[in-house]
Amino acid sequence: MTSIVPDPRSHPNRIGVWRDPHLSTRELEVLVAWVKCDSKTQVGKQLYLSIGTVNTHITRIRGKYAAVGRAANTKAALVARALQDGVVELDEL
């Protein structure tokens, strides 16, 4: 399966600017899908996950960002982190 997550190495100017939360490939897929979708239900359908699993991934993503001092308690904050880390580009939103 082809990943929907761009390789962060394709944005060398962004590496090392922010502390890396070390998200798994699946967490990155959920993050990208969620910032591009209107609901967690859509994310679940797109990635073939239950809503509970989507919620678990988002909770873990938030925890990993908080652990490196980059709290993301809202969807807007997660969008900001995804943009900062080069996971998504502004024109993709």
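Residues numbered from 1 in each chain as written. Predicted model: local features only at pLDDT ≥ 70, side-chain atom pairs only at ≥ 80, totals over all residues. Heavy atoms only, no water.

### Regarding the overall build of the chain
Each helix and strand in the chain was counted, giving four helices and zero strands. The buried share of the chain, reckoned over its 93 residues, is 38%. Counting only contacts in the chain whose residues sit at least 6 apart along the sequence, the fraction spanning at least 24 positions is 54%. Accessible surface computed for the chain: about 5600 Å², of which carbon and sulfur atoms make up 55%. (Helix = DSSP H or I, 4+ residues; strand = E, 2+ residues; numbered from the N terminus. Buried < 20%, exposed > 50% of the residue type's maximum accessible area, 1.4 Å probe, protein only. Contact = heavy atoms within 4.5 Å. Areas by Shrake-Rupley, 256 points an atom, 1.4 Å probe, with all protein chains shown as cover.)

### What about the packing of aromatic side chains?
Summed over all chains, the structure comprises zero aromatic pairs. Over the ring of Trp34 we find Lys75; its NZ or CZ atom is 4.9 Å from the centre of that ring. (Phe/Tyr/Trp six-rings, centres within 6.5 Å; stacked < 30°, edge-to-face > 60°. Lys NZ or Arg CZ within 6 Å of the ring centre and 35° of its normal.)

### Re the environment of Tyr65
Relative to the helices and strands, Tyr65 resides in helix H3 (residues 51-67). Relative accessible area serves as the criterion here: at 0%, Tyr65 is assigned to the buried category. With 13 residues separating them along the chain, Tyr65 and Leu78 place their C-alpha atoms 8.9 Å apart. The residues touching Tyr65, leaving out its near neighbours within four places in the chain, are Pro21, Leu23, Leu31, Arg70, Ala71, Leu78, Arg81, Ala82 and Asp85. In this structure the side chain of Tyr65 is engaged in a polar contact, spanning 2.7 Å, whose partner is the side chain of Asp85. (Polar contact = N/O pair within 3.5 Å; in protein donor to acceptor, adjacent residues only side chain to side chain.)

### Some remarks on unusual backbone geometry
Phi is positive for His22, which is not a glycine, with a value near 55 degrees. Looking at the element boundaries, His22 is found in the segment before helix H1 (25-36). You can call His22 exposed: its relative accessible area is 59%.

### Quick word on the packing of H3 against helix H4 (residues 75-84)
Contact pair H3 / H4: the axes reach a minimum separation of 12 Å and the direction vectors enclose 65 degrees. In the packing of H3 onto H4, the handedness of the crossing is left-handed. On H4, the residues that touch Ile58, Ile61, Arg62 and Tyr65 of H3 are Lys75, Leu78, Arg81 and Ala82. (Axes fitted to C-alpha atoms, helices over the stretch in contact; angles between N-to-C directions. Left-handed = near helix turned anticlockwise from the far one by under 90°.)

### Here we look at the nonpolar core
One finds Val30, Leu31, Val43 and Leu78 to be the most contacted residues of the largest nonpolar core, which totals 23 residues. For this core, the elements supplying multiple residues, two or more each, are H1, helix H2 (40-47), H3 and H4. Ranked by the residues each element gives to this core, the list is headed by H1, at seven residues. Dropping the residues within four chain positions of it, Leu78 is found in contact with Leu31, Trp34, Ile58, Ile61, Arg62, Tyr65 and Ala72. (Core = buried A, V, L, I, M, F, W, Y, C linked by side-chain atoms within 4.5 Å.)

### Description of the packing of H1 against H2
Look at H1 against H2: their axes get within 9 Å of each other, and the N-to-C directions meet at 130 degrees. Classified by the angle between their axes, H1 and H2 sit oblique to one another. Between H1 and H2 lies a crossing of right-handed hand. On H2, the residues that touch Arg26, Glu29, Val30, Ala33 and Trp34 of H1 are Lys40, Val43, Gln46 and Leu47. By residue class, the composition of the contact of H1 with H2 is five nonpolar, one polar and three charged. (Parallel < 35°, antiparallel > 145°, perpendicular 65-115°, else oblique. Nonpolar A, V, L, I, M, F, W, Y, C, P; charged D, E, K, R; others polar.)

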